[in-house]
Amino acid sequence: MARATWVLAVTTTLAVGTAIWLYADNRALRARLGDHTAGSATTPTTIENLVEAATDPWSRARHTGAGANAHGPAPALPEVKPEDRLERRQRRQAEFAAMFGRGSNESADEYRARIVPLIKTGLAIPRARAEELRAQAEAKAHVTAEQAKQLDTAFDKVYTNVLDYTNKEIADGVLSPYERNVSGLLEYAGGLGALLGDANGQIGQVLSPDQVKAMSDSGFEWGEYLGLEAPWEQLDPPPPAKP
């Protein structure tokens, strides 16, 4: 597989992780919005509330024209210092670690119960689109049902190798939700690209050169497809964060 192909496969994998993170973050925001709405709904406007608002010294001063300083400065929230880029990156890393890291007392099964639904939901739409694109490309290349079945069988071995490799990198701390490791990520990307590259040779054993070219000319990319279809939800949980 050409260098550009495995780079695309790796960036697709990273995009998958980002999509899952955005989905989880969006769900958390919706939950907080729901809590806020529910809390607001339980505080109806009553005569007592109106009287309390009317007797508030700053509100009364504003409505009667007594002046803003009649009762001293109005209460104000403390000024929030804007984040710089480094602070924002640190905060997001902490949020990522809190969401995808493993608690000190969290079992492997508990971790999977929490994370696997996020992965499946985050990948559902991209995977459906990838399957649709593959079907369209195979139709243009006149790929038979038997050939498609042979490809799926070959990909099962590729996925097993990808999961074994990724699990080892997780266990060794190369891939960790707790810290940034750019050099480790690049090292992992190179190994992942090589594994996905092996699939290219297996594809060539099932499809004819004309079929491979027809699928490529249609815009379909095997590296992108494999990066999405790998069963990432079956990965081993990371170790708990070190105290």
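The rules behind these values
- Residues numbered from 1 in each chain as written.
- Predicted model: local features only at pLDDT ≥ 70, side-chain atom pairs only at ≥ 80, totals over all residues.
- Heavy atoms only, no water.
- Helix = DSSP H or I, 4+ residues; strand = E, 2+ residues; numbered from the N terminus.
- Buried < 20%, exposed > 50% of the residue type's maximum accessible area, 1.4 Å probe, protein only.
- Contact = heavy atoms within 4.5 Å.
- Areas by Shrake-Rupley, 256 points an atom, 1.4 Å probe, with all protein chains shown as cover.
- Salt bridge = Lys/Arg side-chain N within 4 Å of Asp/Glu carboxyl O.
- pLDDT = per-residue confidence, 0-100.
- Lys, Arg positive; Asp, Glu negative; His and termini not counted.
- Core = buried A, V, L, I, M, F, W, Y, C linked by side-chain atoms within 4.5 Å.

### Describing the overall build of the protein
Looking only at helices and strands, the protein has nine helices and zero strands in total. Here the protein holds 243 residues, and the buried ones make up 33% of them. Look at the contacts in the protein between residues 6 or more apart in sequence, and 76% of them connect residues 24 or more apart. When the accessible surface of the protein is totalled, it reaches about 15600 Å², and 58% of it is carbon and sulfur.

### Description of the pattern of salt bridges
Tallied over the entire structure, the rule returns 11 salt bridges. Taking the shortest distance from any N to any O, the salt bridge between Arg 91 and Glu 83 comes out at 2.7 Å. Overall, Arg 91 belongs to the partly exposed group, its relative accessible area being 33%. Here Asp 152 ties to Arg 134 by a salt bridge, and the two come within 2.8 Å at their closest N and O atoms. One end of the pair, Asp 152, is in helix 6 (residues 145–171); the other, Arg 134, is in helix 5 (residues 108–140), and 18 residues separate them in sequence. Put simply, Glu 83, Arg 91 and Glu 95 are held in one network by salt bridges that share partners.

### Brief notes about the confidence of the model for the protein
Per-chain confidence: the protein averages 80 in pLDDT, with 70% of residues scoring 70 or above. Counting interchain partners and residues more than four positions distant, the pLDDT-below-50 stretch residues 1–8 has 12 contacts. Within the model, pLDDT remains below 50 along residues 39–43, and this stretch shows zero contacts once partners closer than five positions in the same chain are excluded.

### Focus: the side chain of Glu 169
Locating Glu 169 in the fold gives a position in helix 6. No salt bridge is formed by the buried Glu 169, whose closest oppositely charged neighbour, Lys 168, lies at an N-O distance of 4.5 Å. Excluding anything up to four places from it in sequence, Glu 169 contacts Val 174, Leu 175, Glu 187 and Tyr 188.

### A look at the nonpolar core
Phe 155, Leu 207, Met 215, Trp 222, Tyr 225 and Trp 232 are the most contacted members of the largest nonpolar core, which totals 37 residues. When contributions to this core are tallied by element, the ones reaching two or more residues are helix 4 (85–100), helix 5, helix 6, helix 7 (182–206) and helix 9 (222–229). Ranked by residues supplied to this core, first place goes to helix 6 with eight residues. In this structure, Met 215 is in contact with Arg 134, Ala 137, Glu 138, Ala 141, Val 143, Leu 207, Phe 220 and Trp 222, ignoring residues within four places of it in sequence.

### A look at the environment of Gly 193
Position of Gly 193 among the secondary structure elements: in helix 7. For Gly 193, a relative accessible area of 3% puts it in the buried group. Sequence spacing of Gly 193 and Gly 223 is 30 residues, and the spatial spacing of their C-alpha atoms is 8.6 Å.

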